[in-house]
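Descriptive analysis of the structure
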Amino acid sequence: MISIKTRAKFERMEEIVKRATHDIFILGINLESVVNMSDILFFKANSGIKIKLLALDPMCSAVEHFNINNIDTDYRRNKIITNLNIIQNKFCSCTNISLHVLIEYLLRGAQELT
């Protein structure tokens, strides 16, 4: 049986990350949660845990399709860009944290599979 949970029923990401003892992978449109818990992630990375971050490419056309809560596309694009800059500046000296951007051709390829 498959159980579907709403976001409100999930444990806060900060609590999950605090308990992590192995690699951490975080995927998000704008990685706002990473910005909000950057101190925790920095501590984890400095303790030897490898952290991989994946965000949506702010310039790809797919941003238009993530119209959650009727947020303007340009606002969402700017939010992604701002957060990527914050993350790059915060973690630039940390070798255990890598930041990747999901580029459009990968999204297009995934759409062709469906």
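About the thresholds
Throughout this document, residue positions are counted from 1 along each chain, in the order its sequence is written. pLDDT decides what is reported in this predicted model: residues at 70 or higher carry local features, side-chain atom pairs at 80 or more are listed and counted, and totals for whole chains, interfaces and linings draw on all residues regardless. To get the side-chain values, take all heavy atoms of the structure and skip hydrogens and water. Secondary structure follows DSSP: runs of H or I at least 4 residues long count as helices, runs of E at least 2 residues long count as strands, and numbering of each begins at the N terminus. Throughout this description, buried means an accessible area under 20% of the type-specific maximum (1.4 Å probe, protein chains only), exposed means over 50%, and partly exposed covers the range between. Whether two residues are in contact is decided by their heavy atoms, any of which lying within 4.5 Å being enough. Calculation of accessible area relied on Shrake-Rupley with a 1.4 Å probe; when residues are assessed, cover is drawn exclusively from the protein chains displayed. Working definition: rings of Phe, Tyr and Trp (its six-membered ring) pair if their centres are within 6.5 Å, and the pair is stacked with planes under 30 degrees apart, edge-to-face with planes over 60 apart, and tilted otherwise. The salt bridge definition used is simple: a Lys or Arg side-chain nitrogen within 4 Å of an Asp or Glu carboxyl oxygen. The term disulfide is used for any two cysteine sulfur atoms that are within 2.5 Å. Strands are labelled as partners when DSSP assigns at least two bridges between them. Fitted lines through C-alpha atoms give the axes, limited to the stretch in contact for helices. The angle between two N-to-C directions lies from 0 to 180 degrees.

Let us now look at the overall build of the protein chain. In terms of helices and strands, the protein chain carries five helices and three strands. Here the protein chain holds 114 residues, and the buried ones make up 31% of them. Of the contacts made within the protein chain by residues no fewer than 6 positions apart, 67% connect residues no fewer than 24 positions apart. Of the roughly 8100 Å² that the protein chain leaves accessible, carbon and sulfur atoms contribute 55%.

Taken as a whole, this structure holds one aromatic pair when the rule is applied. Summarising the aromatic geometry, the rings of phenylalanine 42 and phenylalanine 91 are spaced 6.2 Å apart at their centres and angled 15° between planes, so their arrangement reads as stacked. Of this pair, phenylalanine 42 sits in helix α3 (residues 38-46) while phenylalanine 91 sits in helix α4 (residues 73-91); the two residues are 49 residues apart in sequence, bridging distant segments of the chain.

Right, let's talk about the pattern of salt bridges for a bit. Overall, the coordinates contain four salt bridges when judged by the stated rule. Across the pair glutamate 15 and lysine 18 runs a salt bridge whose closest N-O atoms are separated by 3.4 Å. Of this pair, glutamate 15 and lysine 18 both sit in helix α1 (residues 13-19), three residues apart, which is roughly one turn of the helix. Judged by relative accessible area, which is 35%, glutamate 15 ranks as partly exposed. Residue class for lysine 18 comes out partly exposed when judged on its relative accessible area of 46%. Here glutamate 32 makes a salt bridge to lysine 79, at a shortest N to O gap of 3.2 Å. Taken together, the residues span a long stretch of sequence, with glutamate 32 in helix α2 (residues 32-36) and lysine 79 in helix α4 at a distance of 47 residues. The class of glutamate 32 is partly exposed, set by a relative accessible area of 26%.

Covalently bonding the sulfur atom of one cysteine to the sulfur atom of another cysteine gives a disulfide. A full pass over the atoms with the stated rule returns zero disulfides. The thiol sulfur of cysteine 94 is not disulfide-bonded, and the nearest other cysteine sulfur, from cysteine 92, lies at 9.6 Å.

Right, let's talk about the sheet that holds strand β3 (residues 97-102) for a bit. Reading across the sheet, the three strands line up as β1-β2-β3 and stay open at both edges, with parallel pairing between neighbours. The open sheet is flanked by β1 (24-28) and β3, the only strands paired with a single partner. Direction aside, the axes of adjacent strands within the sheet are offset by 15° on average. Note that strand β2 (residues 51-56) and β3 share six bridges and pair parallel. Within the sheet, the bridge partner assigned to leucine 53 lies in β3 and is leucine 99. The strands touched by α4 are β2 and β3; relative to β3, the strand with the most contacts, the crossing angle is about 160°.

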